[in-house]
Amino acid sequence: MVSQQILKKYAQLAVCIGANVQKGQLLVINADVSSAYFVRLCVEEAYRAGAGQVEVRWNDETVTKLAYQHESTETLCQIPPWQIERTKNGIDRKCCFLYIESATPGLMADIDGDKLQAARTARETAMEPFEYYTMSNVGQWTIVAIPTLDWAKKVFPNDDDDTALEKLWNAVLMSVRVREDNDPVAEWHEHNKNLTHRSKVMNDFNFKSLHFKNEIGTDLTVELIPNHVWEGGCSPAKNGAVFNPNMPTEEIFTMPYKFGVNGRVYATKPLSYQGKMIDGFRLDFKDGKVVDFSAEKEEETLKNLIGFDEGSSYLGEVALIPYDSPISKSNILFLNTLFDENASCHLALGAAYPDNVKGGADLTREQLTALGSNYSKIHCDFMFGSPNMNIVGTTQDGKQITVFKDGNFVI
Ligand code: ZN
Ligand code: ZN
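Model, not experiment: these values are computed from the prediction.

## As for the overall build of the chain
Within the chain, the regular secondary structure consists of 14 helices and 20 strands. Here the C-alpha radius of gyration of the chain, 20 Å, is about what a compact globule of 411 residues would show, namely 22 Å. Dimensions of the chain, computed from C-alpha atoms along their principal axes, come out at roughly 55 × 50 × 50 Å. Counting only residues that meet the buried cut, the chain has 55% of its 411 residues in that class. For the chain, the exposed area adds up to about 17,400 Å²; of that, 51% sits on carbon and sulfur atoms. Charge-centre separation for the chain: the mean point of 40 positive side chains lies 3 Å from the mean point of 55 negative side chains.

Spelled out as structure tokens, the structure:
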């Protein structure tokens, strides 16, 4: 259905613009077995680009689900030392990462939430020493997605199998700017330039806070951390290689001041967490912390998310996406954060990206915390943008500047 030529273009984009694997470097690919045909193309493109070695770490979501159904919580919480060693080995060798996503939305809906939470805590705790490598952009990393029939049927439940899958492929390829007749690499260079420009405009204003207001009741003030940095599109890793952490991406984002968020926010899209879909929810913040919340669906799961650890009840990211961006205009709910977060302004509960404060990548966690940067073992984006979102920025000297009018940038 999708031509081999298109798949190759997409693989090349993921390897060369996404991860930007360097000559002689180790590329580690994490993927589900359902995307094996695409993984093989990525491996080929990586060697063509000069990768020294490519290592694929396979996952199988069906097997994973069976484990959750049949293994005890205690067993699920035992992270084998070789898995930790494997991650450490890749990072010691200064690898870059390519994550290929294809998860079925809602797959884990019938698995006990406490079990999922316990296993996730165990995994995040075991892998915590290595988080800095991607969170601080020490090495290159990227996430791309490959449609599967199971995923497509969730997004387009009323279509037959072939139509649903074709529709999802078209939507994914549109989002990542891959077409039969274009040079996606050139388009991504242009796209990155535009996002860098938009970040610069916001950095020049150096706002003290942003006030979000829309018709459905969001009325939220987000103070930004002093010396914050807006980023968007590509970033350089420590080795100088410029990479795109997310494909697609339409956002520019920065760091809230941990204790400076006040008011109410209504989510405008469902949020997938632990394989469950939280929907129709709102959060109330006081001095940065979620002090009240409600959800029409999966309120218990939302409670688990907010209560994951100390930092998961505070924000780590605020991101702006115009309502007229291509993913937003497609009006498709992908049920996958990689896409849906690029259709709408979003906030993240949990960890902040150290790069979003000047010099942050070189600071210790304690130093970052002292500045008012949030830390958590999780980072979970939720969408709150809408066509009538207005954003007013307050400058350091108290001037009010309209940033968004009716969902789009006006600066
Ligand atoms: Zn974001
Ligand atoms: Zn995020």
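## Notes on the sheet that holds strand 17 (residues 379-383)
As summarised here, the arrangement of the five strands in space is 7-10-15-16-17, forming an open sheet in which the pairing is antiparallel. Looking at strand neighbours, the two that pair on one side only are strand 7 (231-232) and strand 17, the edges of this open sheet. The pairing of strand 16 (residues 346-350) with strand 17 spans five bridges and is antiparallel. Counterpart to G350 in the pairing with strand 17 is H379.

## A word on the pattern of salt bridges
Here the structure, examined in full by the defined rule, presents 23 salt bridges. Close ionic contact of D110 with K65 constitutes a salt bridge, the shortest N to O distance being 3.0 Å. Pair noted here: D110 is in the loop between strand 3 (96-101) and helix 6 (113-127) and K65 is in helix 3 (residues 61-70), with a separation of 45 residues, a long-range link. One salt bridge in this structure joins D181 and R179, with 3.6 Å as the shortest N-O distance. Through salt bridges with shared partners, one network takes in R264, R282, D284 and D292.

## Let's talk about the environment of I79
Following the sequence through the fold, I79 ends up in the loop between helix 4 (73-76) and helix 5 (81-92). It is 42 Å that separates the C-alpha atoms of I79 and K329, two residues lying 250 residues apart in sequence.

## Details of the coordination of the zinc ion (ligand 1)
In the first shell of the zinc ion (ligand 1), the protein supplies E251 (OE), E251 (OE), E317 (OE) and H346 (NE2), at 1.9 to 2.8 Å from the metal. Of note, the zinc ion (ligand 1) draws all its donor residues from one chain, in the sequence arrangement E-x65-E-x28-H. A separation of 3.4 Å is found between the zinc ion (ligand 1) and the zinc ion (ligand 2), both of which receive a donor from E317. With E251 in the loop between strand 9 (242-243) and strand 10 (252-254) and H346 in strand 16, the pair connects residues that are 95 residues apart, well separated along the chain.

## Regarding the coordination of the zinc ion (ligand 2)
At this site the zinc ion (ligand 2) is bound by E317 (OE), H379 (NE2), D381 (OD) and D381 (OD), with donor distances of 2.0 to 2.6 Å. Coordination at the zinc ion (ligand 2) is irregular, judged from the four donor atoms that bind it and the angles of 54 to 142° they form at the metal. Binding-site remark: the zinc ion (ligand 2) is held by donors from one chain whose sequence spacing is E-x61-H-x1-D. Among the residues examined, D381 registers a relative accessible area of 10% and is labelled buried.

## Considerations on the pairing of strand 2 (residues 53-59)
Where strand 1 (residues 26-32) lies against strand 2, seven bridges are found, and the strand directions are parallel. Paired with N30 across the two strands is R57, which belongs to strand 2. Read from strand 1 through helix 2 (residues 36-48) to strand 2, the crossover connection turns out right-handed.

Reading the values: the criteria
- Residues numbered from 1 in each chain as written.
- Chains lettered and ligands numbered in written order.
- Predicted model: local features only at pLDDT ≥ 70, side-chain atom pairs only at ≥ 80, totals over all residues.
- Heavy atoms only, no water.
- Helix = DSSP H or I, 4+ residues; strand = E, 2+ residues; numbered from the N terminus.
- Rg over C-alpha atoms; globule rule 2.2 N^0.38 Å.
- Buried < 20%, exposed > 50% of the residue type's maximum accessible area, 1.4 Å probe, protein only.
- Areas by Shrake-Rupley, 256 points an atom, 1.4 Å probe, with all protein chains shown as cover.
- Lys, Arg positive; Asp, Glu negative; His and termini not counted.
- Charge placed at Lys NZ, Arg CZ, Asp CG, Glu CD.
- Pairing = 2+ DSSP bridges.
- Salt bridge = Lys/Arg side-chain N within 4 Å of Asp/Glu carboxyl O.
- Donors = N, O, S within 2.8 Å, 3.2 Å for Na, K, Ca; no water.
- Tetrahedral: all angles 85-135°; square planar, octahedral: opposite > 155°, others 65-115°.
- Right-handed = clockwise from strand over helix to strand, strands pointing away.

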